[in-house]
Structure formats: C-alpha cells, structure tokens
Amino acid sequence: MTGYTMLRNGGVGNGGQTCMLRWSNRIRLTWLSFTLFIILVFFPLIAHYYLTTLDEADEAGKRIFGPRAGNELCEVKHVLDLCRIRESVSEELLQLEAKRQELNSEIAKLNLKIEACKKSIENAKQDLLQLKNVISQTEHSYKELMAQNQPKLSLPIRLLPEKDDAGLPPPKVIRGCRLHNCFDYSRCPLTSGFPVYVYDSDQFAFGSYLDPLVKQAFQATARASVYVTENADIACLYVVLVGEIQEPVVLRPAELEKQLYSLPHWRTDGHNHVIINLSRKSDTQNLLYNVSTGRAMVAQSTFYASQYRPGFDLVVSPLVHAMSEPNFMEIPPQVPVKRKYLFTFQGEKIESLRSSLQEARSFEEEMEGDPPADYDDRIIATLKAVQDSKLDQVLVEFTCKNQPKPSLPTEWALCGEREDRLELLKLSTFALIITPGDPHLVISSGCATRLFEALEVGAVPVVLGEQVQLPYQDMLQWNEAALVVPKPRVTEVHFLLRSLSDSDLLAMRRQGRFLWETYFSTADSIFNTVLAMIRTRIQIPAAPIREEAAAEIPHRSGKAAGTDPNMADNGDLDLGPVETEPPYASPKYLRNFTLTVTDFYRSWNSAPGPFHLFPHTPFDPVLPSEAKFLGSGTGFRPIGGGAGGSGKEFQAALGGNVPREQFTVVMLTYEREEVLMNSLERLNGLPYLNKVVVVWNSPKLPSEDLLWPDIGVPIMVVRTEKNSLNNRFLPWNEIETEAILSIDDDAHLRHDEIMFGFRVWREARDRIVGFPGRYHAWDIPHQSWLYNSNYSCELSMVLTGAAFFHKYYAYLYSYVMPQAIRDMVDEYINCEDIAMNFLVSHITRKPPIKVTSRWTFRCPGCPQALSHDDSHFHERHKCINFFVKGICVQKQKKPGLALLWGPGREKPCWFVPSSICCHLAIWNSHPPVA
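Residues numbered from 1 in each chain as written. Predicted model: local features only at pLDDT ≥ 70, side-chain atom pairs only at ≥ 80, totals over all residues. Heavy atoms only, no water.

Turning next to the state of the cysteines. One pass over the full model with this rule turns up 4 disulfides. Covalent S-S linkage joins Cys831 and Cys879, the inter-sulfur distance amounting to 2.0 Å. Disulfide Cys831 to Cys879: torsion about the S-S bond roughly 85°, handedness right-handed. Here the residue Cys831 occupies a position in the loop between helix H22 (819–828) and helix H23 (832–844), and Cys879 occupies one in helix H24 (residues 872–883), the gap between them amounting to 48 residues. Relative accessible area serves as the criterion here: at 0%, Cys831 is assigned to the buried category. (Disulfide = S-S within 2.5 Å. Helix = DSSP H or I, 4+ residues; strand = E, 2+ residues; numbered from the N terminus. Buried < 20%, exposed > 50% of the residue type's maximum accessible area, 1.4 Å probe, protein only.)

Moving on: the sheet that holds strand S2 (residues 237–243). The strand order S1-S2-S3-S4-S6 describes an open sheet built from 5 strands, whose pairing is parallel. Each edge of the open sheet is held by one strand with a lone partner, namely strand S1 (196–198) and strand S6 (314–315). Sheet analysis places S2 next to strand S3 (residues 273–277), joined by 5 bridges and oriented parallel. Looking at S3, one finds that Leu241 is bridged to Ile276. (Pairing = 2+ DSSP bridges.)

Its volume calculated, the second largest pocket comes out at about 440 Å³. Lining the second largest pocket are 21 residues, and of these Glu548, Glu721, Lys722, Asn727 and Leu730 lie nearest its centre. Elements with a minimum of two residues in the lining of the second largest pocket: helix H21 (807–816) and H22. In terms of residue class, the lining of the second largest pocket is built from 6 nonpolar, 7 polar and 8 charged. (1 Å grid on protein atoms, 1.4 Å probe; cavity = no way out; pocket = protein on both sides within 12 Å on 5 of 7 lines; lining within 4 Å. Points joined across faces, edges and corners; volume = space filled by probe spheres on them. Nonpolar A, V, L, I, M, F, W, Y, C, P; charged D, E, K, R; others polar.)

Quick look at the pairing of strand S13 (residues 460–464) now. Burial analysis of S13 places 5 of its 5 residues in the buried class, which makes it a mostly covered element. Along S13, one buried face is formed by Val460, Val462 and Leu464 and the opposite face, lined by Pro461 and Val463, is buried too. Bridge count for strand S11 (residues 428–434) against S13 is 5 bridges, and the pairing is parallel. Counted as the bridge partner of Ala431 is Pro461 from S13. Relative to strand S14 (residues 483–485), S13 is paired through 3 bridges, and the arrangement is parallel. Bridge pairing in S14 places Val462 opposite Leu483.

Printed below as a string of structure tokens:
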C-alpha cells in the first residue's frame, strides 16, 4: 500500500524501475506486432514465389505440388477405381459416337430407298388401275359375247287349262292308256313343283265304307307331304282313296264308278287322277275290277291282266302297318348269312286252276305247244322230294295246320298268324313265293304280303312264276333283291339256291331290307313312293330338302388376330392362296330339270355297296340319279353343290371336277370363351377357308363385351335350341360349301395338316377324312363290342372332333338316321362321332381315312372336357353295341323333300357288319395321284 501510494504520488524511491518496466512492455507489443505482420505478408509471397519457381523447373522429378503422372497418382486404391471408370466411359463415348455416325449414314440410305419405294408404289398403282380397267373391259366384252351366244332363259309362264277342260278323248281301247295319250302334261310344267290335290274321302259316299285305320293313315301321311296342296285349280295330280273297304260291306262296281265320275275335278274322263286301293289283308277285294276308270291311274296290290296297264298303273305294296310303326327292334340281324332252313314255304291251295277253269289237260297235252294249265302238282312233288332227300334242311307245308286265310281262286292261301309266319321266316335263308296258277292274275294281295314279310325279316324271296308283276317293277330292279324263276324250272331251284355265294346272298338280303324299309314299311313310304313314281315318269325334279335355319347371335369383331408361328410356319411349303376376295360357295348344280331324262336308265334301288352309293331320302324316294355320285373319288354332285362330270376322267386330277373349292369350319363350343377365341385365332390365314360356323351349344349367350378375332373370313355364331351334340351335324343353311371341317374348340391343328386333310378329302369325297383314330373290336370274354382309344395300327373310325366330311351326310344324320340314335347321343351326351362313322360306313360300304400321325389333341390349360369323365368310355361301349344290333328304326314323321346333296338318297338300314369298319386307310404322306 505504501509502495503504490508512492508511485502515484511521484515518489522518488523506486521510480526508475517502474519506467523501465513500462518501456519494455511497449517494445514487446511492437515487436510482436511487427513479427506477425512480416509472417502474414511476406511468408505467403515467398512461398508463392518458391512454388512457382519449382513448377517451372526442367526436371520433372523435382515437382512437389504440380500435376503428377497417372501411375503415380493411381497408386492410391480408391483413386485407381475412379481412373478405370473414367477410361471406360471415354471408350463408350467414342463407340457411341461412331455408331451415331453409322446410323446417320443408314438413315440417309433408307430415306433414299423410301423415296424409291414411294415412286414404285405410285407406278404399281397406275399399273393396277390400268389392269383393272382392262379386266373390266374384258368382262364387259365377255358378257356381251355370252349374251349374244346364250340368250337369257327365264322360267316359262305356267298356263293352266280351263276348269271345265274335257281334255283329249280316251283311247279306243281302255288297256291302251299310256302317259302320252291319257295324261295331261299341260297341268304339270317342269317348274310347277308337282302340286298334288288329295280328295277328302269323308265328303263322298264311299268314304264311309273305308277301313278307319287305312283312312286315318292315308290322311296323316297326305298332310305331311310337301307336294300336297289345297288349291285344286293348280294341281298337277289328283289323288283319291277308295279302299280298303270294311267288312262285310260290298261296293258294287257300278256304284263305285258313278261316285268316281261325280268327283268335282274328274272332268269326264279322270285324267291326271290316281285311284289308290290299299290292302291290309290277303283277300282284299279288287274293287276296281269291271270299273271303268277312264284315263285315271290305278294303284293297288291286286291286278288282273285285263285291267293292268303297264307303264301307267302302279302295283303297290300292301299296307301291313297302317297306324302302328314296325317293331324294328325285333328285326333279325343280317348275319349270319346262312340260317337254319335253306328255304321254307307254308300255304294251302283251296281251289286249283283246273277246278276253277273246269278243264283237265294231261301233261302230254300241255307240252304240245299250249302253255300248261297248272304247275302246282309238279311244284309240290319237286319240293317234297327236296325235303325228303335231306341234303339241306328245308321246310315245305302244303296244308295249313289251322284254317287258312281267305284267298283268291288259284292262289296259295297264307297259313297261321302273321307272328308265326315271321318266326319261321327268321329261320329261313330263302322264302318261296308261288304265284297264282291263273295266268290272268298278274299280282295278288296274298303274293304281295308274302313278299312283304320275307323282305321284312331278311329272307331272300324266291318267286316261282315270271309272269308276276312285282311292286314298282318298272322302277325297281328286283333281280338285286329277289330270285324270279319260271315255274318250269322248279326242279332246278334247289341247285340254284345252293350255288349262291355268301357275299351275293348278303348283298341281296341287304338290298331287300333297303327296299322294304324305303318303299314298303309304312303308309308314309307307300304314299311317297306312289307320288315319286308318277313324278319321275313325267320327268319333274324333286323339291330340295330343307336346311336348318341358323339363328345368328350378334357379336362384335375387330380384334386383329395374330398368327401363331407354330400353326402357320410352314417353311417353303406353299399351302395355297389366302383368299382376299369375298368367300365363294360351291358351284350350283345346273341339271335340275334334265337329270331325270339323262339318267333315267339308273335304278331306284341302289342299296349301300361299293358300287352303289345312292342313299334315298325317307321323305321322297326318288330316282337316285337325281342326286347321283359321279364315280368313286370325284365326289358328290348335288343340287346346290356341284357341276357334274364324267367321273373317272376327273378322278385322276386333284379335286375331281371342282378345280376351285373352299371348306367351312364348324366348331362346337360350350361356355369356353377363352379356349374358343384361341382356336379361332389359329385359323387366321388358313387357305381355302370359306367361313367359320360356331355352334353355340349353351343356353347362356356369350359375353356382350367379348371381342371376336378378325381372321379374314366371316365368323357366324349360331344359337341352338338345346344343348345337344347332335347340333354338330345339323345342315345349317349358312354352310355354302360341300366340304365341312368339323373341329372341336380345343383342337390344335397346324395349317399344313388341315391342308393335307383337305386335299385327301377332295380325292375321297364320299368318306370321312380326319386325324384322331379309334377302333372297336369284338370282346370274346364279354361277347360284345369294345371301344378302344389306345394307340394301335388297327383302326376302324375317325373322330369328328377334327375331320372333313360332305354336307350330304349332315342331312342324313339329322333327317334320315333313326331317331333312336340321336336320342342315345342326347341321353349320354356322347357317341355322336361314332354314329357318324357308322352312318357313312354303312352308306358307302367304305372305311374312313386317317391322315397324319395325330392320335389325340392336348390342350394345356383347357377346362375339363367330357372325354375326361370316367364314364365316357363305358358309354361308348354301350353305344357301339346298340348301333350294331341292326336297328332300322323308322324315319321320323315329319314333312321333307328329296335329298339332293350327295350321292343319292338311301334310307340307311342301320346295320354295319364288322368287316366294313375293321379296316381303315391311313395316309401319313401325300397321297399318290392317279
């Protein structure tokens, strides 16, 4: 405290020391400030100068902070990676730049090519326009030339005669009536359609005498006929039913003649009238004997020579089954060929010719030149000798065990009931029919009944007496179904029957079954046959059979279909042109009105066989030539589907006489839209495709938002009335081609496979040509037929899930095939393909043709199919055993027309021997060209 005070007060003691201290502090601060200034200002300048001097030195190794070489700097690991990246990016940039320059060069070249193509297109358009003009001018010139050389023909105007036109006077001799002098052609022009007017029997006195069953059956079948009209003024033919008369009514000839002449359209002479007298019994009255029928035709089962006018009157079959259908299930099978008895005969002759004529002539007198009076005694002796010889087992009885049926004089009366006679005939290989001894009796109801029963059960008729007039003899060739032997050759009958081979015998039995079923079996058959006989005689073509009207389901299309490379990649193989023009139908048949003239030599009775392919329709059994088959291999030439040809000559060329032809795909589907769309897309670009008909088998319509593919051809979606596999084979009117490719919606076929199958079918148009094969064989342990789908070289059928067939068979399947078959298909929802194979094999007597090595189809991802069910194969076993029983179930009772598609019209007698279907032609390569 004292020191401090001293210093403040300027004391003298320590004053010098304090001043030094102050001075030293000031010097330190100044030095420190100066030093810091020097460091902060001069040191950076010196460092900068030093570094600059080092960088400019010549020796590169003395650089300290300047840029170093890459190898020195990349010694650091992470810097090395960055260096590599930099080098890679630099190289890629250089490459991209080079590519960019190349692309620019190519773009420039392509631009030049585009300009050149544009110029070429313009030039081509000009050339095309010029060609179109040339084609148009050529077509115009061609039409002018055709118009000059072939004037257009129109249908002639129909001129009807006056109602009271009496026509020409009848010929001087009643037996001299023929079509040219007793039939008025002016009422039946070619384009008339053959209208027929049927009198109502109840409006006339004789109608009350008719048998009720006969009258009812006749009226029912007349109502169902397509030719019957209610307008009598335009009718070509007038039909009146006069028999059979009820017992014990006896209608006097004079009374019946008076009633006939009182018919409103009789016109004094009855021209263009047909008087029908149907018989149900063997002793039916010959009502029209001693009745003047004028210029009217007579159709009945009993004729005397004095009243029968050949080529004008008609011998018809007796009406055994009036309203009841024949029991086809009781008809025996056609095999085995040989039966228990070689031949049989049962009958009793109440009155011989000698007693009826009140004359007796010795055998020596008979041989002097005059015809023998009666051969019955010689026939009895000869047949009894054959029976006693026991060389063959035969049964002949000339005396009935019970009361014989009533019969005409000199006629062999029937013995027993009809059921007993049929049982005996089922055991007989041949059935003897001895004609009446009276030479003036050309045919009787008793003989016609024996013939009917023999054909019904498959006993080949042997008619003793060549003078007999068999039913429809001027149209049917009875030598293909029966043996007609003169009575003097009775001693040679045994030798003749034993000389027939089994194949000939089977052919005659099959032909007899066909004749019976088509022309004899029911009232419908008899009535339609009578009309067809007259219509064919006056050369009027039959009306075409109806087609199934397709109810189209509206649908949207527009999605461009792609091309599956697995389906359309065929390498260098040219499958054919993809049509750019609208689809075209099969050529029309232009011989509608001339074929009955040009082909009249052909017979009506061509049963199924390798050389007879003329199936008849049940609705109008007309001449097979009206829908004939032109040779084996050239194809069907039906109305609406062909142009005719000579057969063998055209068979040598591919496609026969149809050089340009397309086919229609028919695809059955049921609520599998995705699978269906995929299958339709696979058809894109398929050559020769006309259109696709999709049969929508579900009651549920397709989705409204479903977009259907555009495959270049029309797609027709058809709605069905019910879910049935039979819809696959309906003859839809939208099918305008002869060729049909039936295919499942899940089937995978390449275009080259389809084209190969189409080519094969064009050379075998009467057969099924397809891909998946199956076979059936006889199962010995179970004594039944067995269906098998295992891989095998022995095949008997081709499944229609992928097969070509002619549209003609669609008519047969839907309208002619027994309804029981279609009912079984509906019951099992199965077997429609087997039924079609049986049908075609029966009609053609040929097996189907399998092409390619396809056995089945695999559809990955498809929904469950019907064939995957465990019961599928069991049902198919049952179907085959049902089909081979020989059921000839009668045709359906519905109006129909002559079947004009295909080889002809034959009602199939539904029996297919195993030998027919046990061989199958297989083509795995292109077929040889003849």
